[in-house]
Amino acid sequence: KAGVTQTPRYLIKTRGQQVTLSCSPISGHRSVSWYQQTPGQGLQFLFEYFSETQRNKGNFPGRFSGRQFSNSRSEMNVSTLELGDSALYLCASSLEQGARTNEQFFGPGTRLTVL
Amino acid sequence: AQKVTQAQTEISVVEKEDVTLDCVYETRDTTYYLFWYKQPPSGELVFLIRRNSFDEQNEISGRYSWNFQKSTSSFNFTITASQVVDSAVYFCALSDSDYKLSFGAGTTVTVRA
């Protein structure tokens, strides 16, 4: 069974631009969660999508958004990029909604650098 | 609010030594879940264990063991007879009534041959 895949793996953008990251969950998994990892703030929850609906959201500004498609694939978008958005963005999939009772399988991440 | 504290930033040991990673958590909920994840240099988080708040039994899986103590709000992780392949960043995480995973800052473990 293929694992969680994220594309692209590396991305370089400049301030003010926008970016879209993609995540394909494990086949059969219906929940996708996104996390941001930075040296300063550590691992922080962004949002979770289940059945094409955002079910949970972390404390991030509205510049961070996402969506989930009918095949469970998910995209996250960051608009008006800031230097502080440079991070490793991790996607995790699970069978059902909710991190606490469903084991989350993580992808390799997308390394975003904002210049 | 929830909070996970991993006081040890880095631990360096020689192969075959035991290493214990501390994790202290805060939550007002009576039902919550605790996790440990491993992040090797490749960057992918690997799930190690999930434990709910009603199960205080310690668990052993090969060279890994976990000690959950509600009285001290701790969920410590021990690697016995460490190996070079254990070198990674280890994260403790908590999920309670808001269903989110809150991670600790992580502990970098370096096992030297």
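Residues numbered from 1 in each chain as written. Chains lettered and ligands numbered in written order. Predicted model: local features only at pLDDT ≥ 70, side-chain atom pairs only at ≥ 80, totals over all residues. Heavy atoms only, no water.

1. Digging into the overall build of chain B
When helices and strands are counted, chain B shows 0 helices and 12 strands. The order of helices and strands in chain B, counted from the N terminus, is β-β-β-β-β-β-β-β-β-β-β-β. Its C-alpha radius of gyration of 14 Å places chain B within 12% of the 13 Å reference for a compact globule of 113 residues. Seen along its three principal axes, the alpha-carbon backbone of chain B occupies a region of about 45 × 25 × 20 Å. For chain B, with 113 residues in total, the buried portion stands at 46%. A sequence separation of at least 24 residues applies to 54% of the contacts in chain B between residues at least 6 apart. Of the roughly 5,500 Å² that chain B leaves accessible, carbon and sulfur atoms contribute 48%. Charge-centre separation for chain B: the mean point of 10 positive side chains lies 1 Å from the mean point of 14 negative side chains. (Helix = DSSP H or I, 4+ residues; strand = E, 2+ residues; numbered from the N terminus. Rg over C-alpha atoms; globule rule 2.2 N^0.38 Å. Buried < 20%, exposed > 50% of the residue type's maximum accessible area, 1.4 Å probe, protein only. Contact = heavy atoms within 4.5 Å. Areas by Shrake-Rupley, 256 points an atom, 1.4 Å probe, with all protein chains shown as cover. Lys, Arg positive; Asp, Glu negative; His and termini not counted. Charge placed at Lys NZ, Arg CZ, Asp CG, Glu CD.)

2. Some points on the confidence of the model for chain A
Taken as a whole, chain A shows an average pLDDT of 93; of its residues, 97% reach a score of 70 or greater. Mean pLDDT across the elements of chain A bottoms out in strand 6 (residues 53-57) of chain A (89) and peaks in strand 3 (residues 19-24) of chain A (98). (pLDDT = per-residue confidence, 0-100.)

3. Regarding the interface of chain A and chain B
Each side of the interface is counted separately: chain A has 20 residues, and chain B has 21 residues. If you look at where chain A meets chain B, you find 0 salt bridges. Linking chain A with chain B are 2 residue pairs in polar contact (both at pLDDT 80 or more). Contributions of two or more residues to the side of chain A that touches chain B are made by strand 4 (31-38), strand 5 (42-50), strand 6 and strand 9 (87-94) of chain A. Here the side of chain A that touches chain B is composed, by residue class, of 8 nonpolar, 8 polar and 4 charged. (Salt bridge = Lys/Arg side-chain N within 4 Å of Asp/Glu carboxyl O. Polar contact = N/O pair within 3.5 Å; in protein donor to acceptor, adjacent residues only side chain to side chain. Nonpolar A, V, L, I, M, F, W, Y, C, P; charged D, E, K, R; others polar.)

4. Structural notes on the state of the cysteines
Residue and element names in this part refer to chain B. Following the criterion strictly, the structure yields 2 disulfides over all chains and no others. Disulfide pairing places cysteine 23 opposite cysteine 92 at an S-S distance of 1.9 Å. Its torsion about the S-S bond being -65 degrees, the disulfide of cysteine 23 and cysteine 92 is classed as left-handed. Taken together, the residues span a long stretch of sequence, with cysteine 23 in the loop between strand 3 (19-21) and strand 4 (24-26) and cysteine 92 in strand 10 (residues 88-95) at a distance of 69 residues. The same class applies to cysteine 23 as to cysteine 92, namely buried. (Disulfide = S-S within 2.5 Å.)

5. A few points about the nonpolar core
Leu21, Trp36, Trp66, Phe77 and Tyr90 of chain B are the most contacted members of the largest nonpolar core, which totals 24 residues. Only strand 2 (10-14), strand 3, strand 5 (33-39), strand 6 (46-52), strand 8 (64-69), strand 9 (74-79), strand 10 and strand 12 (107-112) of chain B provide two or more residues apiece to this core. Broken down by element, this core gets its largest block of residues, 4 residues, from strand 10 of chain B. Beyond its immediate sequence surroundings of up to four residues, tryptophan 66 of chain B is in contact with Trp36, Leu48, Ile49, Asn58, Glu59, Ser61, Phe75, Asn76 and Phe77 of chain B. Of all hydrophobic cores here, the second largest spans 21 residues; its members include Val4, Leu11, Leu81 and Val114 of chain A. (Core = buried A, V, L, I, M, F, W, Y, C linked by side-chain atoms within 4.5 Å.)

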